[in-house]
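Coordinate analysis (summary)
What follows is the residue order along each chain.
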Amino acid sequence: MQILDGKALAQQIETEIKSEVGVLSQKGITPGLAVILVGNDPASQSYVNMKAKACKRTGIYSITHEMPENIAQDSLLQTITMLNANPNIDGILVQLPLPKHIDTTAVLEAIAPHKDVDGFHPFNMGRIFANLAGFVPATPMGVLSLLKHYKIEIQGKNVVIVGASNIVGKPLGALFLNENATITLCHIYTQDLIAHTKNADILCVAVGKPNLITKEMVKQGAIVVDIGISKLPSGQIVGDVDFENVAPLCEFITPVPGGVGPMTIASLLQNTLKSAKLRANH
Ligand code: NAP
């Protein structure tokens, strides 16, 4: 069993980004990321802080727009319009989830597709599904980067993804399909989940339920990517996989924390840098 060390790879990617940001800055272009945070959800605040710190480490300019929980949708949309027009901002990210009174789709669709570094705009989603260049959502992008770094063969493999959200499971499925894998997307209505997971050469899990995946559900020699993040009452951060009992079966497995999480942040920085490079070339 080998650990897929997302933390180490993310640090390596950050080093590369920092050097590229330095080169761009000498040409008078500093990549800029604007993050919008609505409300006081502690998990969202912590993710936004981690993103801001990563920007600082790599020399990317970042600004966080904090808005109260009861913000009117129009005010949020106005902020996005302003950021769309700001020439110093290459990437705009709205931290999800948003409060219930706000239409998330309307907000995501308001972001200019060329600044949509989270890749959630239907324009970029469509491009992924058509296997065209665009912004790829950070978590699926991080998963693929991690597997490729460890030279894990994807073509022809049975890839099973548990969790089919717009931000993780569905785009992850499209990325694997683009790499010529055979994909199965499972969700809450999937009958006989174990029949699918047991067949996986590569099993990716993005649900948010600790211990959803037990050793009985995993094939000997499988590659397991745990995307879930949950905080136990004890404060411990865990994924969706019963790591202790599943790991001995695996050829490779990601830890939580230290697996997909750091890769998500590194991928966001890569997307922001990519957007800034496009600005530099205009
Ligand atoms: P989400 O929108 O709640 O989606 C969860 C998905 O899991 C849905 O498709 C849901 O199906 C499905 N599901 C729920 N219970 C299931 C079950 N018992 N069996 C099979 N499928 C089930 O969540 P998300 O935003 O995709 O996030 C998923 C997890 O990944 C969370 O723990 C989140 O914190 C974590 N995450 C981690 C990172 C990272 O950087 N590591 C990034 C993003 C998210 P239905 O839609 O049919 O209910």
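Residues numbered from 1 in each chain as written. Predicted model: local features only at pLDDT ≥ 70, side-chain atom pairs only at ≥ 80, totals over all residues. Heavy atoms only, no water.

As for the sheet that holds strand 8 (residues 223–226)
Our working definition: Two strands are counted as paired when DSSP detects at least two bridges linking them. The helix and strand labels rest on DSSP assignments: H or I over at least four residues marks a helix, E over at least two residues marks a strand, and numbering proceeds from the N terminus.
Across the sheet, six strands lie side by side as 1-11-8-7-5-6; this open sheet has parallel pairing. Two strands lie at the open edges of the sheet, namely strand 1 (2–3) and strand 6 (182–186), each paired on one side alone.

So, the UniProt feature "domain: Tetrahydrofolate dehydrogenase/cyclohydrolase catalytic" (unreviewed entry) in the protein
This is how the line gets drawn: UniProt positions are given in the numbering used here, feature names are shortened, and annotations may be inferred rather than shown by experiment.
UniProt's feature table lists "domain: Tetrahydrofolate dehydrogenase/cyclohydrolase catalytic" (unreviewed entry) at residues 4–118, given in the numbering used throughout. Along residues 4–118 one finds 50% helix and 16% strand; the C-alpha atoms at either end are 23 Å apart.

Side note on the UniProt feature "binding site: NADP(+)" (unreviewed entry) in the protein
Here is the rule: Each residue's exposure class comes from its accessible area (1.4 Å probe, protein chains only) as a fraction of the maximum for that residue type: buried when under 20%, exposed when over 50%, partly exposed otherwise. Contacts are residue-level and defined by heavy atoms, with any inter-residue pair within 4.5 Å sufficient.
Residues annotated in UniProt with the feature "binding site: NADP(+)" (unreviewed entry) correspond here to Gly 163, Ala 164, Ser 165, Ile 188 and Ile 229. Following the sequence through the fold, Gly 163 ends up in the loop between strand 5 (158–162) and helix 7 (169–178). Under the relative-accessibility criterion, Gly 163 is labelled buried at 10%. Excluding its chain neighbours within four sequence positions, the residues that come into contact with Gly 163 are Gly 169, Leu 185, Cys 186, Ala 206 and Val 207. Within the secondary structure, Ile 188 is located in the loop between strand 6 and helix 8 (193–197). With relative accessibility at 68%, the residue Ile 188 sits in the exposed group.

Digging into the packing of helix 2 (residues 42–58) against helix 10 (residues 260–280)
How we decide: In this analysis an axis means a line fitted to C-alpha atoms, helices contributing only their contacting stretch, and an angle means the value between N-to-C directions, from 0 to 180 degrees. Angles are sorted into four bins: roughly parallel if under 35 degrees, roughly antiparallel if over 145, roughly perpendicular if 65 to 115, and oblique for all others. Handedness of a crossing follows from how the near helix is turned relative to the far one, being left-handed for an anticlockwise turn of less than a right angle and right-handed for a clockwise one. Note that Gly is not counted as nonpolar here; it falls among the polar residues with everything else outside the nonpolar set of Ala, Val, Leu, Ile, Met, Phe, Trp, Tyr, Cys and Pro and the charged set of Asp, Glu, Lys and Arg.
It is at 10 Å that the axes of helix 2 and helix 10 come closest, and there the two elements cross at 55 degrees. Viewed along their axes, helix 2 and helix 10 adopt a mutual orientation that is oblique. Relative to helix 10, the crossing made by helix 2 is right-handed. Touching Met 50, Lys 51, Ala 54, Cys 55 and Thr 58 of helix 2 are Ile 265, Leu 268 and Leu 269, all from helix 10. When the residues that make up the contact of helix 2 with helix 10 are grouped by side-chain class, the tally is six nonpolar, one polar and one charged.

Thoughts on the sheet that holds strand 2 (residues 32–38)
Strands sit in the order 3-2-4 across an open sheet of three strands; the sheet is parallel. Strands at the two margins of the open sheet, each flanked by one partner only, are strand 3 (61–67) and strand 4 (91–94). Looking at each pair of strands side by side, their axes are set apart by 15 degrees on average, direction ignored. Inspection of the sheet shows strand 2 paired to strand 4 by four bridges, in the parallel sense. Paired with Leu 33 across the bridge in strand 4 is Gly 91. In the packing of helix 2 onto the sheet, the strands contacted are strand 2, strand 3 and strand 4, and the crossing angle to strand 2 comes to about 170 degrees.

Description of the site of the ligand
Counted only if it meets this: Each residue is tested against the molecule or strand, and it is near if at least one of its non-hydrogen atoms lies within 4 Å. Definition of a polar contact: a pair of N or O atoms within 3.5 Å, with one able to donate and the other able to accept a hydrogen when the atoms are protein atoms, and with sequence-neighbouring residues admitted only if both atoms are side-chain atoms. All accessible-area figures derive from a Shrake-Rupley calculation using a 1.4 Å probe, and residue coverage is judged against the displayed protein chains alone.
Taken together, 20 residues lie near the ligand, and Ala 164, Ser 165, Ile 188, Ile 229 and Thr 264 sit nearest. The separation between an oxygen atom of the ligand and a polar main-chain atom of Ala 164 is 2.7 Å. Separating an oxygen atom of the ligand from a backbone N or O atom of Gly 208 is a distance of 3.5 Å. Relative to its free-state accessible area of 930 Å², the ligand is covered by the protein chains to the extent of 69%. Per-element tally for the shell around the ligand: the top contributor is helix 10, with three residues. Across the shell around the ligand, the residue classes tally to eleven nonpolar, eight polar and one charged.

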